[in-house]
Amino acid sequence: MQRITPFLWFDNNAEEAVNFYTSLFDNSNIAAVTRYNEQSASASGQKSGAAMTISFQLEGQNFTALNGGPHFKLNQAISFFVYCESDEKIEKIFKKLSADGEVIFPLDKYDWSKKYAWVVDKFGLSWQLDVDKINNKQKILPAFLFVNDKVLKVKEAANYYSTVFPDSRIIMKWAYDKSAGLPKGTLLFIQFKLADYLFNAMSGQGEHNFDFNEAVSFVVNCKDQNEVDYYWNKLTSDGGTESRCGWLKDKFGVSWQIIPNRLIELLADPDPIKSQKVMMCMLQMKKIIISDLEGLIGLNSEISARQ
């Protein structure tokens, strides 16, 4: 199971975006769509019947999209780095993603790659494309860009995340040349693995008008309450902040959702009254408390009676 899942916030065009992405990348499909009903629509300001979340795969990797409205905007602070592995593929993807979008780095040869591009697609999502191969089945990697007052924090962040998540390690890293005028050892780029899921991170000098926000978050799929408590406590410590519905921000400003598998099961209950009670209760929570959700629909008493 993929323990960490990228979660993308769209301004009511998630279905259009997901259809576009799944038509572009190999080994891609739409797995499931949940829709707003009257109660959840009223609570969120969405229309009843509109798509709420869309689970999908690109290159065999799990993603989730949300129709969340205009509250958060996608930006370049988190992009998706695609190892295309052939000239034909990178040219095809670049052409499609750049149509009606913005080209940050044109498709060309650079010091770090024989063929590379950075584009923002028509939905606002950023992509870095590299013709190189990667020795891993994961071909698309989330990429953090640390800018402004965070430009020196790439190494600190990678090391921090590696202490939080199991099955983590640093894969590769490159420091700035001394001519950059930055403290010795400041990282330009690093690749690391968290819970067997790969990330890239880099620093960007100069002034930038963007930073991490909730438009791209990462769902941590937890097997039980102990795991929920562990990740919640770790990621909100040392300057992290709690939000609602299982969301939080870590001390670097990156957003995470700490979600127990049991919540997904309860929301999928065939009894719409029970699933709606769970949904409305979850919307009022910060950290997700499984026992409170189960107690809401009488599961605790049912379990006790059976015992």
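All values reported here derive from a predicted model rather than from experimental measurement.

A. Inspection of the layout of surface pockets at higher detail. In this structure, the second largest pocket encloses a volume near 830 Å³. Around the second largest pocket, the lining comprises 32 residues; the ones closest to its centre are Phe-81, Trp-112, Gln-128, Phe-189 and Met-202. Among the elements of the structure, strand E5 (78-83), strand E6 (102-110), strand E7 (113-120), strand E8 (126-130), strand E10 (169-175), strand E11 (187-194) and strand E12 (197-204) are those that each provide at least two residues to the lining of the second largest pocket. In terms of residue class, the lining of the second largest pocket is made up of 17 nonpolar, nine polar and six charged.

B. Spotlight on the sheet that holds E12. Spatial strand order, E6-E7-E8-E5-E9-E12-E11-E10: eight strands in an open sheet with mixed pairing. Each of the sheet's edge strands pairs with one partner strand only, and the pair in question is E6 and E10. Here the average twist between neighbouring strands, direction ignored, is 20°. Relative to E12, strand E9 (residues 140-147) is paired through five bridges, and the arrangement is parallel. When the bridges of E12 are listed, Val-147 appears paired with Gly-204. With respect to the sheet, helix H3 (residues 87-98) is in contact with E6, E7 and E8, its orientation differing from that of E7 by roughly 20°. Lying over the sheet, helix H4 (residues 154-164) contacts E9, E10, E11 and E12, oriented at roughly 10° with respect to E11.

C. Structural context of the packing of H4 against helix H5 (residues 225-236). The geometry of H4 relative to H5 is characterised by a closest axis approach of 10 Å and an angle of 155° between their N-to-C directions. The orientation of H4 with respect to H5, classified from their angle, is roughly antiparallel. When you trace H4 past H5, the crossing you get is right-handed. Across from Tyr-160, Thr-163 and Val-164 in H4, the residues of H5 making contact are Tyr-230, Tyr-231, Lys-234 and Leu-235. Class assignment for the residues of the contact of H4 with H5 results in five nonpolar, one polar and one charged.

D. Quick look at the pairing of strand E16 (residues 255-260). Burial of E16 is extensive: six of the six residues sit out of reach of the surface. Of the two faces of E16, both are covered, the one formed by Ser-255, Gln-257 and Ile-259 as well as the one formed by Trp-256, Ile-258 and Pro-260. Pairing of strand E13 (residues 216-222) with E16 involves six bridges; the strand directions are parallel. Residue Val-219 lies in a different strand from E16, and its bridge partner there is Gln-257. Across three bridges, strand E15 (residues 247-249) lies against E16 in antiparallel orientation. Looking at the pairing, Leu-248 lines up with Trp-256 of E16. Taken together, E15 and the strand that follows it, E16, pair antiparallel across an intervening segment of five residues, in which Gly-253 is found at a positive phi of about 95°.

E. Up close: the side chain of Ser-79. Position of Ser-79 among the secondary structure elements: in strand E5. A distance of 3.0 Å separates the side chain of Ser-79 from the side chain of Gln-128, its partner in a polar contact. Once residues lying within four places of it in the same chain are set aside, the contact partners of Ser-79 are Trp-118, Ser-126, Trp-127, Gln-128, Leu-141, Pro-142 and Ala-143.

F. Broad picture of empty space enclosed by the protein. By the definition in use, this model includes one cavity of 30 Å³ or more. One number sums up the size of the largest cavity: a volume of about 40 Å³. Lining the largest cavity are Lys-73, Leu-74, Asn-75, Ala-77, Ile-78, Asp-211, Phe-212, Asn-213, Ala-215 and Val-216. For the lining of the largest cavity, a count of residues per class yields six nonpolar, two polar and two charged.

G. Seen up close, a nonpolar patch on the surface. On the surface, a nonpolar cluster with roughly 260 Å² of combined accessible area is contributed by Ile-171, Met-172 and Trp-174. Inspection of the secondary structure puts Trp-174 in strand E10. Residue Trp-174 is classed as partly exposed on the basis of its relative accessible area of 46%.

Conventions adopted
- Residues numbered from 1 in each chain as written.
- Predicted model: local features only at pLDDT ≥ 70, side-chain atom pairs only at ≥ 80, totals over all residues.
- Heavy atoms only, no water.
- 1 Å grid on protein atoms, 1.4 Å probe; cavity = no way out; pocket = protein on both sides within 12 Å on 5 of 7 lines; lining within 4 Å.
- Points joined across faces, edges and corners; volume = space filled by probe spheres on them.
- Helix = DSSP H or I, 4+ residues; strand = E, 2+ residues; numbered from the N terminus.
- Nonpolar A, V, L, I, M, F, W, Y, C, P; charged D, E, K, R; others polar.
- Pairing = 2+ DSSP bridges.
- Axes fitted to C-alpha atoms, helices over the stretch in contact; angles between N-to-C directions.
- Contact = heavy atoms within 4.5 Å.
- Parallel < 35°, antiparallel > 145°, perpendicular 65-115°, else oblique.
- Left-handed = near helix turned anticlockwise from the far one by under 90°.
- Buried < 20%, exposed > 50% of the residue type's maximum accessible area, 1.4 Å probe, protein only.
- Polar contact = N/O pair within 3.5 Å; in protein donor to acceptor, adjacent residues only side chain to side chain.
- Patch = residues over 30% accessible without salt bridge, like charges linked within 9 Å, V, L, I, M, F, W, Y side chains within 5 Å.
- Areas by Shrake-Rupley, 256 points an atom, 1.4 Å probe, with all protein chains shown as cover.
- Salt bridge = Lys/Arg side-chain N within 4 Å of Asp/Glu carboxyl O.

The values reported here are purely geometric and, on their own, carry no functional implication.
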